[in-house]
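The chain contents come next:
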Amino acid sequence: MTVGSEPKKLAILGVLLVGVLIALYVNVFSGDSAAPVTAPAPAAAPLTQTPRIPAKARRTATGGAFDFRPRIGFSRPEDRPDPATIDPTLRLDLLAKVQNVEPEEASRNLFQYGVPVAVAATAKAPALPTGVPKIAINKPPPPAPPPAAPGPPPAPVAPQMTFKYYGYKVSKNNGRKEAFLLDGDDIFIAGENDQVKSARYKVVKIGVSSITIEDTQFKSSQTIQLTPEAAAG
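Being a predicted model, the structure only gives us computed values, none of them experimental.

1. Digging into the overall build of the protein
When you go through the protein residue by residue, the secondary structure sums to five helices and seven strands. Expressed as a percentage of the 233 residues in the protein, the buried residues total 10%. Residue pairs in contact within the protein that sit at least 24 positions apart in sequence constitute 29% of those at least 6 positions apart. In the form shown here, the protein has an accessible surface area of approximately 21300 Å², with 62% of it arising from carbon and sulfur atoms.

Right, dumping it as structure tokens:
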């Protein structure tokens, strides 16, 4: 046994011991702390250029939504009009004809799907089959109007006077007028402000051709004309 070989053996043993300790720590003491191994992500598919779809094909695939590209001018030279053959005259008669056209009433909304208004308005209800009896519905009669509230009683009306005026006389002493009145078989001679027939009537005014008498009970006055026979006499 040589002395120089001892340090080399000790160094190899130390390295082996350190490796065992590291392996023991990784497999036993680390637990779930080790990072999980993930599967590699699949490679992305190579990008390819989308083929251009014609307008009719795009309309069918997208349900009617397609790019509208209006045509400007003429694509072929033979379709272009000759400027020398164009008449620049303004046709006022055609313009007046267009202006006289009355616009028709719109029958449906262009932005709303459904049955047109004109068709829906003129649609008729289905006819009932023949031979089916109609059911009569008896409606109750309308309620009677409430009775009107009783109003105030009518005001009493004075009866027509039965006097006849035959004329008057004037006193020479004081100039007082007195009228001659006939009521049936009764004769009354009364001046102005005098009362007759138990103070029921009062002479208000004596005139040449008429006399005014007041009914004191009804507070109304009547004018009686002079009797023609007395005027003729």
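2. Re the pairing of strand S5 (residues 201-206)
Pairing of strand S4 (residues 195-196) with S5 involves two bridges; the strand directions are antiparallel. For glutamine 195, the partnering residue across the bridge sits in S5 and is lysine 202. Where S5 lies against strand S6 (residues 210-215), five bridges are found, and the strand directions are antiparallel. Bridging from a neighbouring strand, isoleucine 206 pairs with isoleucine 211 of S6. As consecutive antiparallel partners, S5 and S6 are separated by three residues.

3. Side note on the sheet that holds S5
Reading across the sheet, the four strands line up as S4-S5-S6-S7 and stay open at both edges, with antiparallel pairing between neighbours. The sheet is open, and its two edges are formed by S4 and strand S7 (220-225), each paired on a single side.

4. Quick notes on the confidence of the model for the protein
When pLDDT is averaged along the protein, the result is 74; 64% of the residues meet or exceed 70. Note that residues 32-37 has pLDDT below 50 and, in this model, zero contacts with residues that lie over four places away or in other chains.

5. Structural notes on the nonpolar core
Ranked by size, the top nonpolar core spans 14 residues in total, and within it Phe163, Tyr165, Leu181, Ile211, Ile213 and Ile224 carry the most contacts. Looking at this core, the elements that each hand over two or more residues are strand S2 (177-183), strand S3 (186-191), S5 and S6. Setting aside its immediate chain neighbours within four residues, isoleucine 211 contacts Tyr165, Ala179, Leu181, Val203, Lys205, Ile206, Gln222, Thr223 and Ile224.

6. Looking at the pattern of salt bridges
Applying the stated criterion across every chain yields a total of six salt bridges. Between aspartate 194 and arginine 176 there is a salt bridge, and its shortest N-O distance comes to 2.6 Å. Here arginine 176 lies in the loop between strand S1 (164-170) and S2 and aspartate 194 lies in the loop between S3 and S4, a separation of 18 residues in the sequence. Residue arginine 176 is classed as partly exposed on the basis of its relative accessible area, which comes to 32%. As a salt-bridge pair, aspartate 215 and arginine 200 come within 2.8 Å of each other at their nearest N and O atoms. Remark: arginine 200 occurs in the loop between S4 and S5 and aspartate 215 occurs in strand S6; sequence separation between them is 15 residues. Through salt bridges with shared partners, a single network forms among Lys169, Arg176, Glu178 and Asp194.

7. Regarding the sheet that holds S2
Taken in spatial order, the three strands make up an open sheet running S1-S2-S3, and their pairing is antiparallel. A single partner strand is all that each edge strand has here, and the edge strands are S1 and S3. Pairs of neighbouring strands in the sheet enclose a mean axial angle of 20 degrees, with direction left out of account. Bridging between S1 and S2 involves six bridges; their strand directions are antiparallel. Considered in S2, the bridge of lysine 164 is made with leucine 182.

8. Observations concerning unusual backbone geometry
The backbone phi angle of lysine 197 is positive, close to 55 degrees, even though this residue is not glycine. Inspection of the secondary structure puts lysine 197 in the loop between S4 and S5. Look at lysine 197 and you get partly exposed, because its relative accessible area is 36%.

9. Quick look at the packing of aromatic side chains
According to the stated counting rule, one finds two aromatic pairs in the structure shown. Relative to tyrosine 201, the ring of phenylalanine 163 has its centre 5.2 Å away and its plane inclined at 90 degrees; by these criteria the two rings are edge-to-face. Of this pair, phenylalanine 163 sits in the loop between helix H4 (117-122) and S1 while tyrosine 201 sits in strand S5, and the two are 38 residues apart along the sequence. Put simply, the rings of Phe163, Phe188 and Tyr201 pair up and form one aromatic cluster.

Reading guide: rules and limits
- Residues numbered from 1 in each chain as written.
- Predicted model: local features only at pLDDT ≥ 70, side-chain atom pairs only at ≥ 80, totals over all residues.
- Heavy atoms only, no water.
- Helix = DSSP H or I, 4+ residues; strand = E, 2+ residues; numbered from the N terminus.
- Buried < 20%, exposed > 50% of the residue type's maximum accessible area, 1.4 Å probe, protein only.
- Contact = heavy atoms within 4.5 Å.
- Areas by Shrake-Rupley, 256 points an atom, 1.4 Å probe, with all protein chains shown as cover.
- Pairing = 2+ DSSP bridges.
- pLDDT = per-residue confidence, 0-100.
- Core = buried A, V, L, I, M, F, W, Y, C linked by side-chain atoms within 4.5 Å.
- Salt bridge = Lys/Arg side-chain N within 4 Å of Asp/Glu carboxyl O.
- Axes fitted to C-alpha atoms, helices over the stretch in contact; angles between N-to-C directions.
- Phe/Tyr/Trp six-rings, centres within 6.5 Å; stacked < 30°, edge-to-face > 60°.

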